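Below, each chain spelled out in residue letters.
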Amino acid sequence: MTLHDDAVLVLKGYEGQEELRQGYLDHLSAHPDGMWKSCSAGHVTASALVVDAEGGRVLLTLHRKLRMWLQMGGHCEPGDPTLASAARREAAEESGIEGLTLLPGGPVSLDRHPIPAPCNWHLDVQYAALAPAGSVAAISDESLDLRWFRYDEVAEVADASVVRLLEATRARLSA
């Protein structure tokens, strides 16, 4: 199975955000290269909101290029067998934390956002990951800063897409 095929299966199984989910599926149907950065019509990305083991805090990165506090995430790579593995890889690379565990149940949210040309759009499939107890984060080359924020602080530093992801993550955690 290819990463493209995995993405289609994941999206077909995702419940919620129907219009956005269908837009992702339509994109992948129209663009066989829709998983890759080279697709100028936009491409699927994978991200993960890292939650501390004790609960109550999330780790955000101050993105070097965008200068915004965001969850960890980015482009899929040819070696990624699944969207989930791409999200976990990106989160580990950008947080410096090994042993992250994705929350069961697949993605917690979807977010489509514009990016500068030539790519135009990121179709982000968003997961949530638990950090092992005692984890120590390390800033990557892609970040200006990396910081743990209490749930109630996120809306003060991040945009609405991160707040929506946190809300969806908290709902999954309490289910």
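Reading the values: rules and limits
Residues numbered from 1 in each chain as written. Predicted model: local features only at pLDDT ≥ 70, side-chain atom pairs only at ≥ 80, totals over all residues. Heavy atoms only, no water. Helix = DSSP H or I, 4+ residues; strand = E, 2+ residues; numbered from the N terminus. Rg over C-alpha atoms; globule rule 2.2 N^0.38 Å. Buried < 20%, exposed > 50% of the residue type's maximum accessible area, 1.4 Å probe, protein only. Areas by Shrake-Rupley, 256 points an atom, 1.4 Å probe, with all protein chains shown as cover. Lys, Arg positive; Asp, Glu negative; His and termini not counted. Charge placed at Lys NZ, Arg CZ, Asp CG, Glu CD. Phe/Tyr/Trp six-rings, centres within 6.5 Å; stacked < 30°, edge-to-face > 60°. Lys NZ or Arg CZ within 6 Å of the ring centre and 35° of its normal. Expected span 1.5 Å × (residues − 1). Arc of directions from axis to C-beta. Contact = heavy atoms within 4.5 Å. Core = buried A, V, L, I, M, F, W, Y, C linked by side-chain atoms within 4.5 Å. Pairing = 2+ DSSP bridges. Salt bridge = Lys/Arg side-chain N within 4 Å of Asp/Glu carboxyl O.

(A) Representation of the overall build of the protein. Looking only at helices and strands, the protein features five helices and eight strands. The N-to-C order of helical and strand elements in the protein reads α-α-β-β-β-β-α-β-β-β-β-α-α. By the compact-globule yardstick of 16 Å for 175 residues, the protein fits well, its C-alpha radius of gyration being 15 Å. Over its C-alpha atoms, taken along the principal directions, the protein stretches across nearly 45 × 35 × 30 Å. Taken over 175 residues, the protein has a buried fraction of 47%. Carbon and sulfur atoms make up 54% of the accessible area of the protein, which amounts to about 8500 Å² in all. Mean positive and mean negative side-chain charge positions of the protein (15 and 25 charges, respectively) differ by 2 Å.

(B) Structural view of the packing of aromatic side chains. Under the definition given, this model contains one aromatic pair. Each ring, one from W69 and one from F149, has its centre 5.0 Å from the other, and the planes form 75°; the classification is edge-to-face. Pair noted here: W69 is in strand β3 (residues 69-70) and F149 is in strand β8 (residues 143-150), with a separation of 80 residues, a long-range link. Exposure remark for W69: the relative accessible area of 11% places this residue in the buried category. When the ring centre of W121 is taken as origin, the NZ or CZ atom of R112, which lies over that ring, is 3.6 Å away.

(C) Expanded view of unusual backbone geometry. Even without being a glycine, Q17 presents a positive backbone phi close to 50°. On the secondary structure map, Q17 appears in the loop between α1 (3-13) and α2 (18-30). According to the relative accessible area criterion, Q17 is partly exposed, its value standing at 33%.

(D) Representation of helix α5 (residues 160-174). Between its first and last C-alpha, α5 extends 21 Å over 15 residues, near the 21 Å set by a 1.5 Å rise per residue. Within the span of α5, buried status applies to S161, V162, L165, L166 and T169. Taken end-on, α5 shows its buried residues confined to a sector of 135°, consistent with a single buried face. Turned more than 90 degrees off the buried face of α5, the exposed positions are E167 and S174. Each element contacted by the buried residues of α5 is listed here: β1 (43-51), β2 (57-63), β3, β6 (109-114), β7 (121-130) and α4 (154-157).

(E) Focus on the nonpolar core. Counting residues in hydrophobic clusters, the biggest one holds 32 residues, and the most contacted among them are M35, L83, L100, V125 and Y127. If you list the elements that add at least two residues to this core, you get α1, α2, β1, α3 (83-95) and β7. Once residues lying within four places of it in the same chain are set aside, the contact partners of L83 are L3, D6, A7, V10, M35, V44, A46, C76, V125 and Y127. Counting 17 residues, the second-largest nonpolar core is a separate cluster that includes L49, V51, V108 and L166.

(F) Representation of the pairing of β6. Bridge count for β6 against β7 is six bridges, and the pairing is antiparallel. Note on β7: the bridge partner recorded for P114 is W121. Connecting β6 to the next strand, β7, in antiparallel fashion are six residues, including N120 with a positive phi near 80°.

(G) Examining the pattern of salt bridges more closely. For the coordinates displayed, the defined rule picks out ten salt bridges. The salt bridge involving E93 is made with R89; its shortest N-O contact spans 3.3 Å. Of the two residues, E93 and R89 are both situated in helix α3; the distance of four residues between them amounts to about one turn of the helix. A relative accessible area of 40% means that E93 is categorised as partly exposed. Its salt-bridge partner being R147, residue D145 comes within 2.6 Å of it at the nearest N-O pair. Look at the salt bridges and you will find they share partners, linking E77, D80, R89, E90 and E93 into a network.

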